[in-house]
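Spelled out, the chains give:
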Amino acid sequence: MKNENSVWNFYAPVYNLFMRANRNAYSEMYGMIRRAIKGKTVLEIATGTGLIAKNVADAAERMVATDFAENMLAQARKGYVPQNLEFQYADAAFLPFDEDSFDVVIIANALHVVDAPRKVLAEIRRVLKPGGRLICPNFIHGN
């Protein structure tokens, strides 16, 4: 990622505090995602502290949430984690999954900060089942 994973590791303990400003938007997004993933196998890329994964996983059949910053994953593993949710280390440009593994891939607020967005998109395409769905919400503020 552009800011290197050391930056994300540094901010991991306080990341959720910054996300509170978008609480209403996230709440609305959780509902939309839950409907889209009902009963499906789901991969989340760049899960960070697991905010999305923890709030939607119980709608999925199975969910794997990945990040490349170990401290973010450590924060994600704290507290309640739905039984069908697994947190795993992964680089978005080199996903450790077989082709056609997931019905849905989620990458929220991250595609614009990865170093190689085309490579990440190619990896997403590779792991998505035929007819699968990509959910890629991004909140952009200012000009």
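Above this text you will find the structure in question.
Presented here is an overview of the structure given in this document. Remember, predicted model here, so these are calculated numbers, not experimental data. (Residues numbered from 1 in each chain as written. Predicted model: local features only at pLDDT ≥ 70, side-chain atom pairs only at ≥ 80, totals over all residues. Heavy atoms only, no water.)

### Looking at the nonpolar core
Counting 23 residues, the largest nonpolar core has I33, I37, I52, M63 and I106 as its most contacted members. Elements with a minimum of two residues in this core: α3 (23–37), α4 (51–56), β2 (62–67), α5 (70–76), β3 (85–89) and β4 (102–107). A total of six residues in this core trace back to one element, the largest contributor, which is α3. Once you skip the residues sitting within four places of it in the chain, I33 turns out to touch I52, V56, I106 and I135. One finds V64, A92, V105 and A110 within the second-largest nonpolar core, a separate group that totals 19 residues. (Core = buried A, V, L, I, M, F, W, Y, C linked by side-chain atoms within 4.5 Å. Buried < 20%, exposed > 50% of the residue type's maximum accessible area, 1.4 Å probe, protein only. Helix = DSSP H or I, 4+ residues; strand = E, 2+ residues; numbered from the N terminus. Contact = heavy atoms within 4.5 Å.)

### With respect to the environment of H112
Inspection of the secondary structure assignment puts H112 in the loop between β4 and α6 (117–127). The exposure class assigned to H112 is partly exposed, which follows from its relative accessible area of 45%. With 26 residues separating them along the chain, H112 and N138 place their C-alpha atoms 8.4 Å apart.

### Overview of the environment of V81
Within the fold, V81 resides in the loop between α5 and β3. Take V81: its relative accessible area is 26%, and that puts it in the partly exposed class. In sequence terms V81 and D58 are 23 residues apart; their C-alpha atoms lie 9.6 Å from each other. Those residues in contact with V81 that sit more than four places away from it in its chain are K54, A76 and F87.

### Digging into the pattern of salt bridges
Summed over the entire model, instances satisfying the criterion amount to four salt bridges. E123 is paired through a salt bridge with R126; the nearest N and O atoms lie 3.0 Å apart. With a gap of three residues between them, E123 and R126 both fall in helix α6, about one helical turn apart. Its relative accessible area of 7% is what places E123 among the buried residues. R126 gets classed as partly exposed once you look at its relative accessible area, which sits at 23%. Here the residues in one salt-bridge network are K119, E123 and R126, joined through shared partners. (Salt bridge = Lys/Arg side-chain N within 4 Å of Asp/Glu carboxyl O.)

### Quick look at the pairing of strand β5 (residues 128–135)
In terms of strand pairing, β4 meets β5 through four bridges, oriented parallel. Considered in β5, the bridge of I106 is made with I135. In the classification by handedness, the crossover that spans β4, the intervening α6 and the parallel β5 is right-handed. (Pairing = 2+ DSSP bridges. Right-handed = clockwise from strand over helix to strand, strands pointing away.)

### What to know about the side chain of E44
Secondary-structure assignment places E44 in strand β1 (residues 41–45). Buried and unpaired, E44 has K54 as its nearest opposite-charge partner, separated by 11 Å. Engagement of the side chain of E44 in a polar contact is seen with the backbone nitrogen of A53, the distance being 3.4 Å. When neighbours within four sequence positions are excluded, E44 is seen to be in contact with I52, A53, M63, V64, A65, T66 and I106. (Lys, Arg positive; Asp, Glu negative; His and termini not counted. Polar contact = N/O pair within 3.5 Å; in protein donor to acceptor, adjacent residues only side chain to side chain.)

### Details of the pairing of β3
Judged from the five bridges that link them, β2 and β3 form a sheet pairing that is parallel. The partner of M63 across the bridge, within β3, is L85. Read from β2 through α5 to β3, the crossover connection turns out right-handed.

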